[in-house]
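Below, each chain spelled out in residue letters.
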There are 2 protein chains.
Amino acid sequence: MDEVVLVGFWSSPYVMRVKIALIEKGVEFVYKEEKDIFEKKSELLLKSNPIHKKVPILIHHGRPICESLIILQYIDEVWKQEKQLFSNDPYDRARARFWIDLFDKKVSDCGRRMWASKGADQDAAKKEFVECLKLLENELGEKPYFAGDYFGLLDIALLPITCRFYTYETFCKFSVEKECPRFMAWAKRCNQRESVSMTLPDPYKVYDFTLEVKKRLKIE
Amino acid sequence: MDEVVLVGFWSSPYVMRVKIALIEKGVEFVYKEEKDIFEKKSELLLKSNPIHKKVPILIHHGRPICESLIILQYIDEVWKQEKQLFSNDPYDRARARFWIDLFDKKVSDCGRRMWASKGADQDAAKKEFVECLKLLENELGEKPYFAGDYFGLLDIALLPITCRFYTYETFCKFSVEKECPRFMAWAKRCNQRESVSMTLPDPYKVYDFTLEVKKRLKIE
């Protein structure tokens, strides 16, 4: 049995979070890509996450852990001796958890509406999305990373969505860089890390894939 | 400035979580009840949680922490020397987080539909709710508490909803005890704790309040 297995799908930002965290920690793992996540989920996926039936799933010593934020915290707690991702200070931890929670609630709602809807609903989603990024920019302030001078859990949680920005920008006709220049400067800084550049897919490939998904779901 | 302040509203199960945790830890706190949560939220609430504008808010040394699950973890991390609420084992922690996450997603969705909707939607909500409780019963197994032999974070997170069972049962015409006897036996066991009996309101009062809310929202 492999010690660490990650079950994933290439376009999922939640899977990317886990990959980045494992690489940052220097944890060796076997990556298992779902071949057909829409039509036929693998036996391993269904057996390991029977309730949500979703990726990412981290299987450690045969025991599955589900939900990306839970996995990230698990990774930081298990491989404690390696580079730390999470502050020791309870207040800083609470703050990071708060922003991840807000981001996850917003993105699951706005992200889809930005490419799947039209007109007023699409505009509203774009507006909410930009507002959320501006709150995050404010939290970042002048620091290089969210936790200060080290690349941490909040950076890892937020970063993967940036590979969808080109898709959002194309559908909604706006520029994230223009709206949120400091957020984009942070994203570029993070992209220089090997863990990130090895993980994030080409934004054009993500866009093409979104077009395919729209077609498959019969969304005009 | 008070060291620990909890801003809350009596009928919120999320606020009850925080109260129970503080009492279990033996932390002294000042409780500030929102007088009119629907029409006029307090200055303190709006200033302390400007993004969500919701209770509970824990204010510790003047710094606000929001979102009940984040607050529970903060409490366990800050008052570490007191009775421990969360396992030291990363896998057990991940498991507790998983069930709380599932429960929170289900309850916010099903709970409201059980008293605010009718017919097929209400039936579907009841069915999903019972399914969720059965999953939790299965996780509990034969243990006295979810973490084993001590009253922990998952118990605290789940328990407050039990004061709404009478409301759900009355609107949806079913018996939680009949559907999930082991879950109810666990709830009764937990209710013997002072932290719980001091915190949970009378289920009839909760039911009357739900009727008021329905009227206020003009739900038939």
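One numbering rule holds for all chains: residues counted from 1, following each sequence as written. Whichever chain is written first becomes A and whichever ligand is written first becomes 1, with later ones labelled in order. Per-residue local features are limited, in this predicted model, to residues with pLDDT of at least 70; the limit for side-chain atom pairs, both in listing and counting, is 80 or more; totals at the level of whole chains, interfaces and linings are taken over all residues. Heavy atoms throughout the structure, all of them, feed into the side-chain values; hydrogens and water do not.

A. Seen up close, the relation of the copies chain A and chain B. The copies are overlaid by a least-squares fit using only the C-alpha atoms of residues whose pLDDT is at least 70 in both copies. It takes a turn of 180 degrees to lay chain A on chain B, together with a shift of 0.0 Å along the axis; the resulting RMSD is 0.0 Å. Such a combination of turn and shift is consistent with a two-fold rotation axis. Note on contacts: a residue pair qualifies if any of its non-hydrogen atoms lie within 4.5 Å across the two residues. Interface overlap between copies: 100% of the residues of chain A at the interface are likewise at the interface in chain B, consistent with a symmetric, same-surface contact.

B. Structural detail: the UniProt feature "domain: GST C-terminal" (unreviewed entry) in chain A. UniProt feature "domain: GST C-terminal" (unreviewed entry): in the numbering of this structure it lies at residues 89-217 of chain A. Numbered from the N terminus, helices here are DSSP runs of H or I no shorter than four residues, and strands are runs of E no shorter than two. Summarising residues 89-217 of chain A: 74% helix, 0% strand, and an end-to-end C-alpha distance of 45 Å. UniProt positions are given in the numbering used here, feature names are shortened, and annotations may be inferred rather than shown by experiment.

C. Seen up close, the packing of aromatic side chains. Two rings from Phe, Tyr or Trp (for Trp, the six-membered ring) form a pair when their centres are within 6.5 Å of each other. A pair whose planes differ by under 30 degrees is stacked, one over 60 is edge-to-face, and the rest are tilted. As enumerated under the stated definition, the model contains 28 aromatic pairs over all chains in all. Ring centres of Phe165 of chain B and Phe183 of chain B lie 6.2 Å apart, and the angle between their planes is 40 degrees; on these two criteria the pair is classed as tilted. Here Phe183 of chain B lies in helix H9 (residues 181-191) and Phe165 of chain B lies in helix H7 (residues 165-172), a separation of 18 residues in the sequence. Put simply, the rings of Phe129, Phe146, Phe165, Tyr168, Phe183 and Trp186 of chain A pair up and form one aromatic cluster. As a reminder, the over-ring test applies to NZ of lysine and CZ of arginine, requiring each to be within 6 Å of the ring centre and within 35 degrees of the ring normal. The ring of Tyr91 of chain B has Arg63 of chain A lying over it, and the distance from NZ or CZ to the ring centre is 3.8 Å.

D. Inspection of the sheet that holds strand E1 (residues 4-8) of chain A at higher detail. Residues and elements named next belong to chain A. We treat two strands as partners when DSSP finds at least two bridges between them. In spatial order, the strands read E2-E1-E3-E4; together these four strands make up an open sheet with mixed pairing. Edge positions in the sheet fall to strand E2 (30-33) and strand E4 (63-66), since each has one partner strand and no second. Strand after strand, the sheet turns through a mean of 20 degrees between neighbouring axes, direction not considered. Direction of pairing for strand E3 (residues 57-60) relative to E4: antiparallel, over a ladder of four bridges. For Ile57, the partnering residue across the bridge sits in E4 and is Cys66. Axis lines are fitted through C-alpha atoms, for helices just across the contact stretch, and the angle between N-to-C directions can take any value from 0 to 180 degrees. Sitting on the sheet, helix H1 (residues 13-25) is in contact with E1, E2 and E3, with an inclination near 155 degrees to E1.

E. Layout of the packing of helix H5 (residues 119-140) of chain B against H7 of chain B. Residue and element names in this part refer to chain B. Between H5 and H7, whose axes approach to 11 Å, the crossing angle comes to 140 degrees. In terms of axis orientation, H5 runs oblique to H7. Note on packing geometry: the crossing formed by H5 with H7 is left-handed. Where H5 abuts H7, its residues Gln122, Lys126, Phe129 and Leu133 lie against Phe165, Tyr168, Phe171 and Cys172. Residues were grouped as follows: Ala, Val, Leu, Ile, Met, Phe, Trp, Tyr, Cys and Pro as nonpolar; Asp, Glu, Lys and Arg as charged; and all remaining residues, including Gly, as polar. Residues belonging to the contact of H5 with H7 are distributed by class as follows: six nonpolar, one polar and one charged. Note on angle classes: values under 35 degrees are labelled roughly parallel, values over 145 roughly antiparallel, values of 65 to 115 roughly perpendicular, and the remainder oblique. By definition, any crossing whose near helix is turned counterclockwise from its far helix by less than a right angle is left-handed, and any crossing with a clockwise turn is right-handed.

F. Fine view of the interface of chain A and chain B. Taken together, the contacts link 23 residues of chain A with 23 residues of chain B. Accessible surface is computed with a 1.4 Å probe, and the buried area is the amount of it that two parts give up when combined, taken over both parts together. For the pairing of chain A and chain B, the buried interface totals around 2200 Å² over both sides, and the portion due to carbon and sulfur atoms is 68%. The largest contributions to the chain A side of the interface with chain B come from Ile51, Tyr91 and Phe98 of chain A, which together make up 26% of the buried area. Across the pair Arg93 of chain B and Glu77 of chain A runs a salt bridge whose closest N-O atoms are separated by 3.0 Å. As used in this structure description, the phrase polar contact means that two N or O atoms lie within 3.5 Å; if the pair is within protein, one of them must be able to donate a hydrogen and the other to accept it, and residues adjacent in sequence are counted only when both atoms belong to side chains. Joining chain A to chain B, the criterion identifies eight residue pairs in polar contact (both at pLDDT 80 or more). For the side of chain A that touches chain B, the elements supplying multiple residues, two or more each, are E4, helix H3 (68-78) and helix H4 (90-116) of chain A. In terms of residue count, the dominant contributor to the side of chain A that touches chain B is H4 of chain A (10 residues). For the side of chain A that touches chain B, the class distribution of residues is 14 nonpolar, two polar and seven charged. Whenever a carboxyl oxygen of Asp or Glu lies within 4 Å of a side-chain nitrogen of Lys or Arg, that contact is scored as a salt bridge.

G. Quick look at the domain arrangement of chain A. Residues and elements named next belong to chain A. Domain boundaries shown here were taken from an automatic or database domain assignment. The domain boundaries assigned to chain A delineate domain 1 (4-78) and domain 2 (90-216). For domain 1 and domain 2, the distance between their C-alpha centres works out to 21 Å. At the interface, 18 residues of domain 1 touch 25 residues of domain 2. Between domain 1 and domain 2 the total buried area reaches about 2000 Å² when both faces are included, carbon and sulfur atoms providing 70% of it.

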